[in-house]
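Below are the chains, spelled out letter by letter.
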Amino acid sequence: MFDYVAAFVVGGVICFIGQMLMDVGKLSPTHTLSTLVVGGALLDGFHLYDRLIDFAGAGATVPITSFGHSLVHGAMSEGDRYGFFGIGMGVFEVTSVGISSTILFSFLVAIFFKPKG
Amino acid sequence: MERRGKQTWHFHNPVYIQGAGTAVGPEEAKGPLGDRFDVCYDNLYAGEDNWELAERRLMKDAVETALKQAEKKSEEIDYFFAGDLLNQIVTSNYYAREIDVPYFGLFSACATVMEGLALASLLVDTKAAQLVLTAVSSHNATAERQFRYPTEFGGQRPDSSTFTVTGAGAIVIGTKQTGIKITDATIGKVKDFGIKQPFDMGSAMAPAAADTIVTHLNETKRDQSYYDVIVTGDLSRVGSGILRKLVQEKGITLERYEDCGVMIYHQEQPVFAGGSGAACPAVVTFGHLLKEMKSGRIKRMLVVATGALLSPLMIQQKESIPCIAHAVSFEREE
């Protein structure tokens, strides 16, 4: 039960920050998204995001901040293995599933549906 | 034509409305003025393959209805004034390609309709033309994509944002007596109070509307009671309140005042602060207000079309939104 509460609260807080960036900070949706991704990446740089995932599970993995975390994660692990060029190789290692499925599903949706307005 | 003050033209020679036509999309047809429009579509595509073509179809429907009401053919029209919101005013340019009439393409965003009508009236008054057609259009999906976000993007909108009217309005003016004439036009100046938010165009446009209304009343030496109603184009619920305050600072308390953006939708429709777009003042004026004049419920009115001269590129470069308002007065002959 505690897992659910933790996921709800942490996920909710991340979304709340995003909404505040848009409503109060007057950021555009794209700026908001980028800010959250960079925020997740920074937190992972200090090894804090993994702790957040241990604590809140999906509450931390579902919001877009986890994308930043995955980018840094991939870069660090490949960097360990292959040195400087590994960073470039690793950036999309963990995130490639998410990116390619986004491209695939957008393509399928564009084929089968027509926007209504 | 007699020039009154610096910005107002008073037309001495007869400039009469020969015919008007409107075409709208689904949300407008569901609104309180739904039965006032000539052609209504229940779908944003209006039977076409894409939204740009749909917008062109709306303009064509509006023009054809206006010509039919005026009992004229397009060959009899001397000049065609048109404008819309899309880059390079493509709806107007491509429609002008179809009708083979000398053409002026205009852009004053949502104030285009009164800019066109003022210029058209000047041509008729000065006998440079006998019959002039003016048309404008806007489409929710084409405009939202160009000025804010594509609707498929699903971006959140604040309550101050307006909803672009899908529709087109057209009007034919000439010298033949018909009962409703155009008497004055006040050409607005560009005003910019530093608003940078494309989601709050009502607030951005209110200063331009206030300036044009006050200038019109001063230059014509009229009191606001001269008009049965003063109507603004698309200030919406947010901008209308600001306009009242700005005009009050000049010592005028607006009494009989309406806004087309508020009139066109029910409050419970999903349109945020109200309607906007070049078609908004056009379809409300040509579809609803002119019918009110014909039936005698309105005898004199001043329509102040307001335009936010918004460019997405300039917004990205942190520029604010310059705005303009043009006013045209209509009178019923007893």
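Residues numbered from 1 in each chain as written. Chains lettered and ligands numbered in written order. Predicted model: local features only at pLDDT ≥ 70, side-chain atom pairs only at ≥ 80, totals over all residues.

### A few points about the overall build of chain A
Working step 1: A count of helical and extended segments in chain A gives seven helices and zero strands.
Working step 2: Shown N-terminal to C-terminal, the secondary structure of chain A runs as helices and strands in the order α-α-α-α-α-α-α.
Working step 3: Dimensions of chain A, computed from the C-alpha atoms along their principal axes, are close to 50 × 40 × 35 Å.
Working step 4: The 117 residues of chain A split such that 22% are buried.
Working step 5: A separation threshold of at least 6 residues defines the contact pool for chain A, and within that pool the share at least 24 residues apart is 57%. (Helix = DSSP H or I, 4+ residues; strand = E, 2+ residues; numbered from the N terminus. Buried ≥ 20, exposed ≤ 12 C-beta atoms within 10 Å, placed from the backbone. Contact = placed C-beta atoms within 7 Å.)

### Some remarks on the overall build of chain B
Working step 1: From N to C terminus, chain B includes 10 helices and 15 strands.
Working step 2: Relative to the globule expectation of 20 Å for 334 residues, the C-alpha radius of gyration of chain B, 18 Å, shows essentially globular dimensions.
Working step 3: Here the C-alpha coordinates of chain B stretch approximately 50 × 50 × 35 Å along the principal axes.
Working step 4: Here chain B holds 334 residues, and 54% of them are scored as buried.
Working step 5: Contacts in chain B between residues far apart in sequence, at least 24 positions, make up 78% of those at least 6 positions apart. (Rg over C-alpha atoms; globule rule 2.2 N^0.38 Å.)

### Overview of the pairing of strand β5 (residues 79–84) of chain B
Residue and element names in this part refer to chain B.
Working step 1: By the criterion of burial, β5 is predominantly enclosed, with five of the six residues buried.
Working step 2: Of the strand pairs in this sheet, β5 and strand β7 (residues 131–138) are connected by six bridges, and their pairing is parallel. Its bridge partner being in β7, Phe80 is matched across the sheet by Leu133.
Working step 3: Relative to strand β6 (residues 103–105), β5 runs parallel, the two being bridged by three bridges. Its bridge partner lying in β6, Phe80 is registered against Tyr103. (Pairing = 2+ DSSP bridges.)

### A word on the nonpolar core
Working step 1: Counting 105 residues, the largest nonpolar core has Ala66, Met205, Ala209, Val303 and Val304 of chain B as the members making the most contacts within it.
Working step 2: Dropping the residues within four chain positions of it, Val304 of chain B is found in contact with Ala209, Thr212, Ile213, Ile230, Val231, Thr232, Gly233, Ala325 and Ala327 of chain B. (Core = buried A, V, L, I, M, F, W, Y, C linked by C-beta atoms within 7 Å.)

### Topic: the packing of helix α2 (residues 29–45) of chain A against helix α5 (residues 65–82) of chain A
Residues and elements named next belong to chain A.
Working step 1: Across the interface, α2 lies against α5 with an axial gap of 6 Å and an inter-helix angle of 50°. Between α2 and α5, the crossing angle belongs to the class labelled oblique. Between α2 and α5 lies a crossing of right-handed hand. Together, Leu36, Val37, Val38, Gly39, Gly40, Ala41, Leu43, Asp44 and Gly45 of α2 and Thr65, Ser66, Phe67, Gly68, His69, Leu71, Val72 and His73 of α5 make up the contact between the two elements.
Working step 2: Partitioned by chemical class, the residues of the contact of α2 with α5 number eight nonpolar, eight polar and one charged. (Axes fitted to C-alpha atoms, helices over the stretch in contact; angles between N-to-C directions. Parallel < 35°, antiparallel > 145°, perpendicular 65-115°, else oblique. Left-handed = near helix turned anticlockwise from the far one by under 90°. Nonpolar A, V, L, I, M, F, W, Y, C, P; charged D, E, K, R; others polar.)

### Some details on helix α3 (residues 90–99) of chain B
All names here are of chain B.
Working step 1: Regarding α3, the residues found buried are Thr91, Ser92, Tyr95 and Ala96. One side of α3 carries all its buried residues, which in axial view fall inside an arc of 125°.
Working step 2: The secondary structure elements touched by the buried residues of α3 are α2 (51–70), β5, β6 and β7.
Working step 3: Remark: Asp100 follows α3 within two positions and exhibits a positive phi of approximately 60°. (Arc of directions from axis to C-beta.)

### Remarks on α2 of chain A
Residues and elements named next belong to chain A.
Working step 1: The terminal C-alpha atoms of α2, which comprises 17 residues, lie 24 Å apart, in line with the 24 Å expected from a rise of 1.5 Å per residue.
Working step 2: Those residues of α2 lying buried are Thr32, Leu36, Gly40, Leu43 and Asp44. An end-on view of α2 places all buried positions within 110° of arc, on one side of the element.
Working step 3: Where α2 is buried, its residues contact α1 (2–23), α3 (49–56) and α5. (Expected span 1.5 Å × (residues − 1).)

### Some thoughts on the packing of α1 of chain A against α2 of chain A
The angle between the axes and the distance between the axes are what describe a pair of packed helices.
Residues and elements named next belong to chain A.
Working step 1: Running from N to C, α1 and α2 point in directions that differ by 140°, and their axes come no closer than 9 Å. Between α1 and α2, the crossing angle belongs to the class labelled oblique. Handedness of the α1/α2 crossing: right-handed. On α2, the residues that touch Gly18, Leu21 and Met22 of α1 are Pro29, Thr32, Thr35 and Leu36.
Working step 2: Residue composition of the contact of α1 with α2, grouped by class: four nonpolar, three polar and no charged.

### Side note on unusual backbone geometry
For residues other than glycine, phi is negative in most cases, and the peptide bonds are mostly trans.
Working step 1: Even without glycine at this site, Ala109 of chain B takes up a positive phi of about 50°.
Working step 2: Summarising the element assignment, Ala109 of chain B is placed in the loop between β6 and α4 (112–125).

### Some words on the environment of Asp23 of chain A
Working step 1: By the element assignment, Asp23 of chain A lies in helix α1.
Working step 2: As for Asp23 of chain A and Gly57 of chain A, which are separated by 34 residues in sequence, their C-alpha atoms are 27 Å apart.

### Description of the environment of Glu48 of chain B
Working step 1: Take Glu48 of chain B: it is sitting in the loop between β4 (39–40) and α2.
Working step 2: In the structure, Glu48 of chain B is positioned 71 residues away from Leu119 of chain B in sequence and 32 Å away in space, judged by C-alpha atoms.

### Here we look at the confidence of the model for chain B
Working step 1: Residues of chain B with pLDDT of at least 70 account for 100%, and the chain-wide mean is 96.
Working step 2: Two numbers describe this predicted complex: its pTM, 0.91, and its ipTM, 0.77. (pLDDT = per-residue confidence, 0-100.)

### Here we look at the pairing of strand β9 (residues 167–174) of chain B
Regular strands have side chains that alternate between both faces of the sheet.
All names here are of chain B.
Working step 1: The element β9 is extensively covered by neighbouring structure, given that eight of its eight residues are classed as buried.
Working step 2: On β9, burial covers both faces: Gly167, Gly169, Ile171 and Ile173 on one face and Ala168, Ala170, Val172 and Gly174 on the other are all buried.
Working step 3: With eight bridges connecting them, strand β3 (residues 16–24) and β9 associate as antiparallel partners. Looking at the pairing, Gly21 lines up with Ala170 of β9.
Working step 4: Relative to β9, β7 runs antiparallel, the two sharing eight bridges. Its bridge partner being in β9, Ser137 is matched across the sheet by Ala168.

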